[in-house]
Amino acid sequence: MKQFCIADSLYGDYNKSINFEKEKAMTTEILIEQLLSYAVHVGLTDERDRDFARNLLLDLFGLDAPAPDGTVIPAYEKEMPVELLNALCDKAAEAGLIPENTVMQRELFDTRIMNALMPRPSQTADRFRQIYREQGAEAAGDWFYDLCRRSNYIRTAAVAKNIYFKAPSRYGELEITINLSKPEFTPAEITAMKNAPATSYPKCALCHENEGFRGRPGKAARQTLRCIPVTLNGEAWYFQYSPYVYYDEHCIVYAGEHSPMCISGATARRLFDFVDKMPHYFLGSNSDMTIVGGSILSHNHFQGGRHRFAMQNAPVRRDLGVTAHGTQVELIDWPLSTIRLSSSDREAVCLDAEKLITAWRGYSAPEIGILSQTTEKHNTVTLISDKRPDGVYELYVVLRNNRTTDEHPLGLFHPHAGLHHIKIEGIGLIEVMGLFVLPARLARELPQVERALTGETVPTDGEMAKHAAWMRELTERFGSSNSPERAHEIVKQALTEKCTAVLEDCGVFKPATENGRFAAFVTSTLF
């Protein structure tokens, strides 16, 4: 990911395409040969399947024959196929194979190109299992992740555009990324998505029937998607990687059946089944309610990966002791109300997690705004699991409430109005753990905030109107004669403070005033 740096170089030119003039000058036939050699070299395509894959590509481009014998094929030595795919998409557009040559249409087409080079899903799963059996979980995960990168299913070039930095907060080192990786659609594409015929296939973006799906306006191509079957709590689930990763080996684990998100003791057992299989990963579940859940509530799924977050490194605020089941219970020093349950006996953790989930579903404290039910139920949890190298299972139980009020119509335990200029979206699993995914608009807007701190006149209307009060506050605190470098550091730290405040707004028991009440709830439930 691109590091956060000086404003002008940080926020500019992120949509410029990679320079691939050399590839553009080649014929389609030569580019196809280069791509075939790349695919064989990195293990996407078996050498025995080269002729087969070549014929699929010739058919895709409407060509009758490959490059003639004796044609010099320049070596392609890049780690990823991005330049070749860009050049081939240009050739396809020139030939009328990409009707409008937009970002969306090019992604649909380059996925078709790479599909010609990919192993079948069953071959992928068999190879994963073989490596897992012979070399272990870590080697199998490394191979699968590399396959997804080399096939361009994981959009590494797009992800590299993201702005990313770490910054200290009073709760430890937070991670902040401005998400520039997902493509911005043109007005014509937006209209096409709006006018596309309604269809129930695939039912949602997570259903297994997406594997191999060709895509269409509004639904991404998934011809290069590969999923590994896994059994969790005796049920059929699947393991895949996210195409727009936010951290190392960002994976998605989803139910084979299209069923809605539902948090229960079974959730903890599924999570632990996965980290038993992939002990170098964490795995977590968003909550099962709007406002405090993920963007997809219609399909039960988890997110995980090879990453350690600030929440997992948070110190213990209060050790409550060991339950009758043998579970260590700790309240951690984190802005969201979080209980860490740990034991070498995973079933003990699951039993105590069930107690907490059940008790929290019915808990109310009206004097601090917590109501378990009004016209609908409000209390739920976010669950995060990992398995330590010493074999101890950890489960983080984060208490959530999605109640709205007249003062806070988007959510009482949701970022409040004064923070919406930075983050208005819901706070899901990843942010709960301390990694913020902020909207792309901030790449345009934050440089303006920095310029105000250097004495430049900055407009306070239009898209900058929402930042006007913040700019006044910062100039009052730090003055308006800062160097560009100093202004940049000020904004970076001020942004971190905003993200910290977002997490504090989402906490149901406020750390500064309600620790005793929080501890009392947990103690009365588990002891």
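Calculation criteria
- Residues numbered from 1 in each chain as written.
- Predicted model: local features only at pLDDT ≥ 70, side-chain atom pairs only at ≥ 80, totals over all residues.
- Heavy atoms only, no water.
- Helix = DSSP H or I, 4+ residues; strand = E, 2+ residues; numbered from the N terminus.
- Rg over C-alpha atoms; globule rule 2.2 N^0.38 Å.
- Buried < 20%, exposed > 50% of the residue type's maximum accessible area, 1.4 Å probe, protein only.
- Contact = heavy atoms within 4.5 Å.
- 1 Å grid on protein atoms, 1.4 Å probe; cavity = no way out; pocket = protein on both sides within 12 Å on 5 of 7 lines; lining within 4 Å.
- Points joined across faces, edges and corners; volume = space filled by probe spheres on them.
- Nonpolar A, V, L, I, M, F, W, Y, C, P; charged D, E, K, R; others polar.
- Pairing = 2+ DSSP bridges.
- Axes fitted to C-alpha atoms, helices over the stretch in contact; angles between N-to-C directions.
- Salt bridge = Lys/Arg side-chain N within 4 Å of Asp/Glu carboxyl O.

1. Structural notes on the overall build of the protein chain
Consideration 1: Along the protein chain, the regular secondary structure elements total 18 helices and 14 strands.
Consideration 2: Relative to a compact globule of 527 residues, whose C-alpha radius of gyration would be 24 Å, the protein chain shows 25 Å and is just as compact.
Consideration 3: Taken along its principal axes, the extent of the C-alpha atoms in the protein chain is 80 × 60 × 45 Å.
Consideration 4: The buried share among the 527 residues of the protein chain stands at 55%.
Consideration 5: At a minimum sequence separation of 6, the contacts of the protein chain that also span at least 24 residues come to 66%.

2. Notes on the layout of surface pockets
Consideration 1: Approximately 730 Å³ is the volume found for the second largest pocket.
Consideration 2: Forming the walls of the second largest pocket are 27 residues, and the residues nearest its centre are Leu117, Met118, Pro119, Arg120 and Gln123.
Consideration 3: Elements represented by at least two residues in the lining of the second largest pocket include exactly helix H4 (50-60), helix H6 (103-115) and helix H7 (121-135).
Consideration 4: Of the residues forming the lining of the second largest pocket, the biggest block, five residues, is contributed by H4.
Consideration 5: For the lining of the second largest pocket, the class distribution of residues is 11 nonpolar, seven polar and nine charged.

3. With respect to the sheet that holds strand E8 (residues 301-305)
Backbone hydrogen bonds hold the strands of a sheet together, and the pairing may be parallel or antiparallel.
Consideration 1: Pairing is antiparallel across the open sheet formed by 10 strands, whose spatial order is E4-E5-E6-E8-E7-E12-E13-E11-E10-E9. With partners counted over all chains shown, the strands left at the sheet margins are strand E4 (228-232) and strand E9 (316-322), one partner each. Each strand of the sheet is rotated relative to its neighbour by a mean of 25 degrees, with strand direction disregarded.
Consideration 2: When strand E6 (residues 251-255) meets E8, the two strands line up antiparallel, connected through four bridges. When the bridges of E8 are listed, tyrosine 254 appears paired with histidine 301.
Consideration 3: Packing of helix H13 (residues 346-361) onto the sheet brings it into contact with strand E11 (338-343), strand E12 (379-387) and strand E13 (393-401), and relative to E11 it is tilted by some 155 degrees.

4. Observations concerning the pattern of salt bridges
Consideration 1: Counted according to the given criterion, the structure contains 36 salt bridges.
Consideration 2: Among the salt bridges present, the one from arginine 129 reaches aspartate 126, with a minimum N-O distance of 3.5 Å. Linking arginine 129 with aspartate 126, this pair stays in helix H7, spanning three residues, or about one helical turn.
Consideration 3: Overall, the relative accessible area of 48% leaves aspartate 126 in the partly exposed class.
Consideration 4: The partner of arginine 361 in a salt bridge is aspartate 288, and the shortest N-O contact between them spans 3.0 Å. A residue pair is termed long-range when its members are at least 10 positions apart, and arginine 361 in helix H13 and aspartate 288 in the loop between strand E7 (282-285) and E8 qualify at 73 residues.

5. Some points on the side chain of threonine 224
Consideration 1: Within the secondary structure, threonine 224 is located in the loop between helix H10 (187-195) and E4.
Consideration 2: The residues contacting threonine 224, other than those within four sequence positions of it, are Thr111, Met114, Asn115, Met118, Ser151 and Tyr153.

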